[in-house]
Amino acid sequence: MTDLVTFGETPLQFSPPGKERLETARETTLYADGTESNAAVAASQLGTASTWVSKLPASALSRRVVSELERHGAETSVAWASESEARQGLVFRETGHPPRDPQRWHDRDGTGVATATPSDLPMDAIQQADVVFTGLTTPALSKNAESTVTAMLRAAAGSGATTAVDVDYQAGLRPPQTLREALLSMLEHVDVLIGNEEHVRTVLDNSGKPRDLANSIAAEHDLDTVVITRSDRGAVALQDTPGTKVIHERETIDRPAVDESGQHGAFAGGFLARRSDGAELSEALSYGVAAAALVRTIPGPLLTATRGEIEQVVDDVVEASR
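Model, not experiment: these values are computed from the prediction.

A. Main features of the pattern of salt bridges. Applying the stated criterion to the full structure yields 21 salt bridges. The residue Glu-9 makes a salt bridge to Arg-108 at a minimum N-O spacing of 2.8 Å. Remark: Arg-108 occurs in the loop between strand E7 (103-107) and helix H3 (123-128) and Glu-9 occurs in the loop between strand E1 (4-7) and strand E2 (12-15); sequence separation between them is 99 residues. You can call Glu-9 buried: its relative accessible area is 4%. Among the ionic pairs, Glu-249 bridges to Arg-211, the shortest N-O distance being 3.1 Å. A residue pair is termed long-range when its members are at least 10 positions apart, and Glu-249 in strand E13 (residues 244-250) and Arg-211 in helix H7 (residues 210-221) qualify at 38 residues. Classification of Glu-249 as partly exposed rests on a relative accessible area of 26%. One salt-bridge network, in which partners are shared between bridges, spans Arg-211, Arg-230, Glu-249 and Glu-251.

What follows is the structure, given as structure tokens:
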């Protein structure tokens, strides 16, 4: 049985080394980089049985994505399409250095997930999972993907799984309004909403500090749990229980960042891994913040760490939050 199932499109990311620019770089590094697959990898580092579900074209680029995720400990369940039916999504990323901002260019139209239907998904595994997770950019890829994600969340919720969605806004991929419409269409089947504070403000057109955002979103959309990450400064989580709303807050630890690209996916994976094990919200929040802090010390978006290493950072996060 799988504890955590994640469904989404994972582009292949091309990045020049260091702070080089794509237009002058003579070489690039390839990474599999998707919110849902990053979360599955991070959860697997904690010993959580995690499966990433997707639809991909039967191409060398897609096989590269699958092999990288499996090498990092995540299970995969892929519906393979012909190369004429779909394509592998790509992302081109420059790290940047002040005053030059990091840059991302998306080439993700016509991808496999955009053509996915419920019959492409392993519904038995989804209905047996403890937690089912997707990012908001996945249903925003197409109306077809939106319908498929909604069907998945409905099936998971009906079977008693915890359903979670990440507001993973990525500038230049889809307009905020498209993401907002996709989210509102499926919120009735969502238990947990996760999002970076800036992304949540952009997509839901809300204002306020993280605590205010969590309160207003939970009240407006009748959500059980709302988690707001504060960029590189920790996170807050609100749990709406009968008669009361409880907010937990965790501070991150201050460490130099090597690569920030996988921080939010690692947070989601650490947080959801512990929730799938039945941990209290405050403990799960500590693990999410610790996973995000650790992945920032590693080149690329995928977390590579032992459970012991993560738990050492968890202790630091708890201490910093006292």
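B. Structural context of H7. If you check H7, its first and last C-alpha atoms are 16 Å apart, about what 12 residues at 1.5 Å a residue would give, namely 16 Å. The set of residues buried in H7 consists of Pro-210, Leu-213, Ala-214, Ile-217, Ala-218 and His-221. End-on view of H7: buried residues confined to an arc of 120°, all on one side of the axis. Exposed side chains of H7 directed beyond 90 degrees from the buried face belong to Ala-219 and Glu-220. The secondary structure elements touched by the buried residues of H7 are helix H5 (176-186), strand E10 (192-196), helix H6 (197-204), strand E11 (225-229) and strand E12 (235-241).

C. Quick look at the pairing of strand E5 (residues 75-81). Alignment of strand E4 (residues 50-57) against E5, held across 7 bridges, turns out to be parallel. Across the sheet, the residue bridging to Val-53 is Ser-77, located in E5. Tracing the backbone out of E4, into helix H2 (residues 60-71) and back to the parallel element E5 gives a crossover that is right-handed.

D. Quick look at the sheet that holds E13. Read across the open sheet, the 9 strands follow the order E5-E4-E1-E8-E9-E10-E11-E12-E13; overall the sheet is mixed. Strand pairing shows two members of the sheet lacking a second neighbour, E5 and E13, which therefore form its edges. If you compare each strand with its neighbour and ignore which way they point, the axes differ by 15° on average. In terms of strand pairing, strand E9 (residues 162-166) meets E10 through 3 bridges, oriented parallel. Looking at E10, one finds that Ala-164 is bridged to Val-192. Relative to the sheet, H2 contacts E4 and E5, its axis offset from that of E5 by approximately 170°. Strand contacts of helix H9 (residues 281-295): E11, E12 and E13, with the helix running at about 30° to E13, the strand carrying the most contacts.

E. Structural detail: the side chain of Thr-229. With respect to the secondary-structure elements, Thr-229 resides in strand E11. Setting aside anything within four residues of it in sequence, one finds Thr-229 in contact with Gly-195, Asn-196, Glu-197, Gly-234, Ala-235, His-264 and Phe-267.

F. The arrangement of the pairing of E9 in detail. A large share of E9 lies buried, amounting to 4 of its 5 residues. Taken together, strand E8 (residues 131-135), helix H4 (residues 143-158) and E9 constitute a β-α-β crossover, and its handedness is right-handed. Taken together, E9, H5 and E10 form a β-α-β motif whose crossover is right-handed.

Thresholds applied
- Residues numbered from 1 in each chain as written.
- Predicted model: local features only at pLDDT ≥ 70, side-chain atom pairs only at ≥ 80, totals over all residues.
- Heavy atoms only, no water.
- Salt bridge = Lys/Arg side-chain N within 4 Å of Asp/Glu carboxyl O.
- Helix = DSSP H or I, 4+ residues; strand = E, 2+ residues; numbered from the N terminus.
- Buried < 20%, exposed > 50% of the residue type's maximum accessible area, 1.4 Å probe, protein only.
- Expected span 1.5 Å × (residues − 1).
- Arc of directions from axis to C-beta.
- Contact = heavy atoms within 4.5 Å.
- Pairing = 2+ DSSP bridges.
- Right-handed = clockwise from strand over helix to strand, strands pointing away.
- Axes fitted to C-alpha atoms, helices over the stretch in contact; angles between N-to-C directions.

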